[in-house]
Amino acid sequence: MSTIQENLINVQDLILKFANLTHRKAKDIQLLAVSKTKPVDQIIEAYNAGQRAFGESYAKEAELKINEIRSLGYSDIVWHFIGPIQSNKTKIIAENFDVVESLDRLKIAKRLSEQRPKELSPLKVLIQVNISCEPQKSGCDFEEIDEIAEYVRSTDNLKLIGLMGVAENTTETDEITAQFKKLQKKFNEMKALDQNIDVLSMGMTGDMEEAIACGSTEIRIGTAIFGAREYHNSPAGA
Ligand SMILES: *Cc1c(COP(=O)(O)O)cnc(C)c1O
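Residues numbered from 1 in each chain as written. Predicted model: local features only at pLDDT ≥ 70, side-chain atom pairs only at ≥ 80, totals over all residues. Heavy atoms only, no water.

A. Highlighting the nonpolar core. One finds L112, L163 and I225 to be the most contacted residues of the largest nonpolar core, which totals 64 residues. Excluding anything up to four places from it in sequence, L163 contacts L126, I127, V129, I145, L183, K186, F187, M190, V199, L200 and S201. Judged by nonpolar contacts, the second largest core, of 5 residues, contains V99, I161, M164 and V199. (Core = buried A, V, L, I, M, F, W, Y, C linked by side-chain atoms within 4.5 Å. Buried < 20%, exposed > 50% of the residue type's maximum accessible area, 1.4 Å probe, protein only. Contact = heavy atoms within 4.5 Å.)

In structure tokens, the structure reads:
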């Protein structure tokens, strides 16, 4: 068995364990494999182990890898964009991805809507919220969610399906839990009013237990599947 295959099994076991701890069902927690900076052959290795949803953070790098993987005949992968979005990268994202999790500005929403090709289904969107309130972090403030959500709902080219958050990188688990709980509360309020809202994307390699305890429906895992990332220069096309 390959290392990536073993790692995927281990992560699925952890999902089951953490779900059981809070009386949740493991099937209600999707695994997004975060393959940023990782080569195509490792993505295919994960695919061959049954993984179908992949997350990428750098538009240029992702476009190259997605095209290569499509040209090899893999057509049932679901690609999620999870990185910060610069205006000049919205076209690549609108044309190549199925889901965008890192929408945090109206201007970017408008560009994604305009640039989504008509022959594709609506681009699924999660609004990223800066739950740690650290100034250097991506994500909108809680007060900005409703305005962005209203715009996304108004355009046929986008479909709002949920919220995404990245907790502070800290060993203080109480702090992480407090940040996730705040997002969970907003998610539950929105879900009660909109039947399309069903994805709460929270949790990474270091905080998946807390995220699952706070109702996460999708964890985004890179390191625990593919190993640590190496950034030789600046990542391609970041
Ligand atoms: C890189 C990244 C991840 C994966 O983080 P790991 O700690 O490697 O699991 C998850 N979410 C976002 C938004 C990321 O940028």
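B. Main features of the UniProt feature "modified residue: N6-(pyridoxal phosphate)lysine" (unreviewed entry) in the protein chain. Under the present numbering, the feature "modified residue: N6-(pyridoxal phosphate)lysine" (unreviewed entry) in UniProt falls on K36. Overall, K36 belongs to the buried group, its relative accessible area being 16%. (UniProt positions renumbered as here; feature names shortened; annotations may be inferred.)

C. Structural context of the UniProt feature "domain: Alanine racemase N-terminal" (unreviewed entry) in the protein chain. What UniProt calls "domain: Alanine racemase N-terminal" (unreviewed entry) maps, in this numbering, to residues 24–229. As annotated, residues 24–229 comprises 39% helix and 20% strand, and the C-alpha atoms at either end are separated by 31 Å. (Helix = DSSP H or I, 4+ residues; strand = E, 2+ residues; numbered from the N terminus.)

D. Structural context of the site of the ligand. Around the ligand lies a shell formed by V34, K36, S57, I82, V166, M204, T205, R220, I221, G222, T223 and R229. Within the contact set of the ligand, an oxygen atom lies 2.6 Å away from a side-chain nitrogen or oxygen of K36. A distance of 2.8 Å separates an oxygen atom of the ligand from a polar atom in the backbone of G222. Here the ligand has 390 Å² of accessible area as a free molecule, and 87% of this is covered by the chains. (Near = heavy atom within 4 Å. Polar contact = N/O pair within 3.5 Å; in protein donor to acceptor, adjacent residues only side chain to side chain. Areas by Shrake-Rupley, 256 points an atom, 1.4 Å probe, with all protein chains shown as cover.)

E. Looking closely at the environment of I69. Inspection of the secondary structure puts I69 in helix α3 (residues 59–71). C-alpha separation for the pair I69 and D41, spaced 28 residues apart in sequence, amounts to 9.2 Å. Leaving out residues up to four positions away in the same chain, I69 has contacts with V40, I43, Y74, I77 and W79.

F. Spotlight on helix α7 (residues 173–193). Its 21 residues give α7 an end-to-end C-alpha distance of 31 Å, which sits within 8% of 30 Å, the value for a rise of 1.5 Å per residue. Of all the positions in α7, only I176, Q179, F180, L183, K186, F187 and M190 are classed as buried. Relative to the axis of α7, the buried residues are bounded by an arc of 120° and lie together on one face. Opposite the buried face of α7, by more than 90 degrees, sit the exposed residues D174, K185 and A192. Tucked inside the fold, the buried residues of α7 contact β5 (123–129), α6 (145–154), β6 (158–165), β7 (199–202) and α8 (208–213). (Expected span 1.5 Å × (residues − 1). Arc of directions from axis to C-beta.)

G. Geometry of the layout of surface pockets. The calculated volume of the largest pocket comes to roughly 780 Å³. What lines the largest pocket is a set of 34 residues, among which K36, K137, V166, M204 and R220 lie closest to the centre. Looking at the lining of the largest pocket, the elements with two or more residues in it are β5, α7 and β8 (218–221). Partitioning the lining of the largest pocket into residue classes produces 13 nonpolar, 14 polar and 7 charged. Space inside the second largest pocket adds up to approximately 330 Å³. Lining the second largest pocket are 18 residues, with I29, Q30, L31, T217 and E218 positioned closest to its centre. Residue contributions to the lining of the second largest pocket peak at 3 residues, all from strand β1 (residues 30–34). Class assignment of the residues belonging to the lining of the second largest pocket gives a composition of 9 nonpolar, 5 polar and 4 charged. (1 Å grid on protein atoms, 1.4 Å probe; cavity = no way out; pocket = protein on both sides within 12 Å on 5 of 7 lines; lining within 4 Å. Points joined across faces, edges and corners; volume = space filled by probe spheres on them. Nonpolar A, V, L, I, M, F, W, Y, C, P; charged D, E, K, R; others polar.)

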